Amino acid sequence: MEEQNPVSFLRLLSEESTHSTLSSDSCEYYQTEIFDQLPSVQALRPVQASQGGPELGKRISHGQLSPGPRDKTSTQPLRNLVMCIQGKRGARDRRQMQRSKIGCWDSWRRSQNINTKRVWAQMGGALSGLLPWQHTLHTIEGRFGVGVKSYFVFLRYLIYLNILHCALISGFILGPTAFFGRGDSSEPLRFGGDDSVLDFFLGSGYLNRSPVFLGFYTRGSLNKQCLNTPLLYFAGILTVLFLSLIMVARRTIVGYKHTWMLGRRFSTNMSYKIFCGWDFTIQDLTAATLKCSFIRNDLKLFLDEQRFSQREEQRTLGQKVLRYLLRFILNLLILSLLGGAFFLIYYATKKSQTEDKRWLVSLLLQYLPPITITSINLFLPLIFRKISSFEDYSFTTQVNATLVRSIFLKLTSLGIYLFFIFTTEEHNTHCRQNKFGREMYKLCIFNFLAIFCSAFLLNYPRKLVQENFPSSLLARLMGKQHFLIPFNVLDLVYVQTVTWVGVFYCPLLPLIGTVTLTACFYIKKFTVLRCCIAEQRMFRGSSSSVLFHFMLLLGLLMAAVTLGINLHQQEDTTDMSSCGPFGNGQTVLNVTRVCVDSLPTLAQKILRYLASEAFALPLILAEVIILTSYVSRSRANQKAIERLKDMLVMSSSDKRFLVKQHATILRGKRNNHRVHSAAIQEDPPSSPTK
């Protein structure tokens, strides 16, 4: 075999490449001519010339128009500058010269500002690494994708939210009650002879007399006009709901803004995902494996969406009409299923009001509405998921459609159950607020029991059958398990909605929710890592996260409406069946009126003006002005984003144009050199004269 010569990739320097015969004037003229031929200048000239006249167009053609200061590198860190090491050293020297010119005080202030930002960035990175379950989230993200990770991040956020609720309730309700006492007429809390273990499941007996429910709290020794137990209780519940609204709305708005910027209006190149998606700070083999899995899952999702988009573009008009007709029929089927589910809830609520002397039958009757609601919420979303697969949506749209339908089912079923409780309850019963709180307590407890039994009595035995008997008929019929994100998210939204609805009647419900959600995190972690396999088709976690928080907003709105209706009913009724801080005929309106009447005259006038209709008009005008300013700002930002996108497109066009011009010039020089060499070879050297 012939020995191949090694190829040397060295640049050949010639006299033409090192020296130029062009003068400075010709170079300047050539640069101006090239500048006039750029696609960005050609696109900009008609607009600017029509706005500024011929002189402005002439300035554009000669490159004299500058939109502003171009040297923005002085405010950027050196590591972010796209230049070589020598260029960064020069930029550092220029910055040092600028610091010497501006004075010692300004230079010290700038350096302190940079150091402060650096310290805050390092502290933020360190604190983010200390968050609970961070390693677990990275493991789940690498094996199952961003969507499953977003579920666990959402679950962790709900745990933090309930911990905040527990702190607020401790400060407003539990602390004053423990410090000032419940009053002399209150009975001590003891476990009597009629109490049993079933009370912890039914919320009756000992638990009914405990601090879990509203009836435990009375005015006690803290009985001032503007500082008493009823006002502190109501202020604590309002603070819980108001802070929940602020936190959930903020996360929803931020997530929606991020999704809007990186949604359909922004497309990432495949080469960027492949060549720029690696994290070069990874040093562990396990972390590298997880990162590879994450990139692979992201590419699967991207290719699936591109494939669906191509299939959508190739559809004919007849195929589109048939698809819309099929979707209409399937939606009618969904509506009929929802109607049947609501009738079952009504029947279960009516049946649960019957009494039976046998304790087991009585327990089943008490839990009949929670069992019915949980069963409906368990099976109907599976049917919705199967129906959405026939509607010919993309995988992400299928998941979102199933989420919307299922959350409508859960919230509506809970709302119908609350409506039946309000309309069928007996007003002559003692402490009907505790009865409403017991219903919310039973819903929360039974939902946790359903999650526990589903994990260890269904999913885990199913996994054992598949591992030990993979070729059996039962294993083939059951199939492999996948972590269904929509249904698990619905459970979280449902539990949190029940917590918000019942927090006024069961103040310790956030504490119960914190314990159950923490246990749910470990149960779901075991289910995912031990019993499930990764989905072949994955969806993005950004849009799903926005939908999660929007569902929470709906649940919070439902809780606020329920509280308002119940307080309104309490104001209208004149019976003495109420208990707790608002017992003995006292209502929220009466307590607040007594407090306002005890204030000074000026404070009373101010509060009455704020609550009157005269204050509504300036408030509405201020809201209109603020909303108008925000809408104008959003439109301006949208225009700026579109201009920046156009600039990116034109800059890429300029680069292609310059590369083409450079290739043309090199080709011309090469042809001229060949012609010159051929002319020299054809002209023989003249002989010397003798």
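J.: When you look at the packing of aromatic side chains in this model, what are you seeing that I'm missing?
T.: Each aromatic ring pair is described using two quantities: the centre-to-centre distance and the angle formed by the ring planes. Summed over all chains, the structure comprises 20 aromatic pairs. Between F216 and Y217, the aromatic rings sit 5.3 Å apart at their centres with planes inclined by 90 degrees, giving edge-to-face as the arrangement. We classify F216 as buried; its relative accessible area is 11%. Both rings, one in F456 and one in F526, keep their centres 5.5 Å apart while their planes meet at 20 degrees; by these two values the pair is stacked. Placement of F456 in helix 16 (residues 432-468) and of F526 in helix 19 (residues 509-531) is noted, with a sequence separation of 70 residues between them. Given the relative accessible area of 32%, F456 is considered partly exposed. Among the aromatic side chains, those forming a connected cluster through ring pairs are W133, Y151, F152, F483, F521 and Y522. Of note, R251 hangs over the ring of Y157, and the distance from its end group to the ring centre comes to 4.1 Å. It is R323 that lies over the ring of Y324; its NZ or CZ is 5.3 Å from the centre.

J.: It is not clear to me how the pattern of salt bridges should be interpreted in this structure. Could you clarify?
T.: Close approach of charged atoms lets side chains of opposite charge pair. Per the stated rule, a full pass over the model turns up 5 salt bridges. Note that D491 and K410 form a salt bridge whose closest N and O atoms lie 2.7 Å from each other. With D491 in helix 18 (residues 485-502) and K410 in helix 15 (residues 395-424), the pair connects residues that are 81 residues apart, well separated along the chain. The exposure class of D491 is buried, given its relative accessible area of 18%. When its relative accessible area of 2% is taken as the criterion, K410 is described as buried. Ionic pairing is found between E439 and K442, a salt bridge with its closest N-O pair at 3.4 Å. With E439 and K442 both in helix 16 and 3 residues apart, the pair spans about one turn of that helix. Like K442, E439 is buried.

J.: Which parts of the structure should I look at to understand the state of the cysteines?
T.: A disulfide bridge is the covalent bond that connects two cysteines by way of their sulfur atoms. Within the structure shown, the criterion is met by 1 disulfide. Bridging C226 to C595, the disulfide has an S-S length of 2.1 Å. On the sign convention where negative is left-handed, the bridge of C226 and C595, at about 115 degrees about the S-S bond, is right-handed. Taken together, the positions of C226 in the loop between helix 8 (199-202) and helix 9 (229-261) and C595 in helix 21 (residues 588-597) put the pair 369 residues apart, joining distant regions of the chain. Judged by relative accessible area, which is 34%, C226 ranks as partly exposed. Take C595: its relative accessible area is 14%, and that puts it in the buried class. In this structure C532 is a free cysteine whose sulfur lies 6.2 Å from that of C531, the closest cysteine sulfur available.

J.: Would you mind showing me how to read helix 6 (residues 134-144) here?
T.: An α-helix turns once per 3.6 residues; consequently, residues spaced three or four apart project the same way. Buried within helix 6 are the following residues: T136, L137, T139, I140, E141, G142 and F144. Looking at the residues trailing helix 6, positive phi occurs at G145, about 95 degrees.

J.: Can you walk me through a nonpolar patch on the surface in this structure?
T.: A contiguous nonpolar surface patch, about 630 Å² in accessible area, is contributed by L322, L325, F328, I329, L332 and L335. Among the structural elements, I329 can be located in helix 12 (residues 317-351). On the basis of relative accessible area, I329 is assigned to the partly exposed category, the value being 47%.

Criteria and thresholds
Residues numbered from 1 in each chain as written. Predicted model: local features only at pLDDT ≥ 70, side-chain atom pairs only at ≥ 80, totals over all residues. Heavy atoms only, no water. Phe/Tyr/Trp six-rings, centres within 6.5 Å; stacked < 30°, edge-to-face > 60°. Buried < 20%, exposed > 50% of the residue type's maximum accessible area, 1.4 Å probe, protein only. Helix = DSSP H or I, 4+ residues; strand = E, 2+ residues; numbered from the N terminus. Lys NZ or Arg CZ within 6 Å of the ring centre and 35° of its normal. Salt bridge = Lys/Arg side-chain N within 4 Å of Asp/Glu carboxyl O. Disulfide = S-S within 2.5 Å. Patch = residues over 30% accessible without salt bridge, like charges linked within 9 Å, V, L, I, M, F, W, Y side chains within 5 Å. Areas by Shrake-Rupley, 256 points an atom, 1.4 Å probe, with all protein chains shown as cover.

Just distances and angles here, no functional claims.
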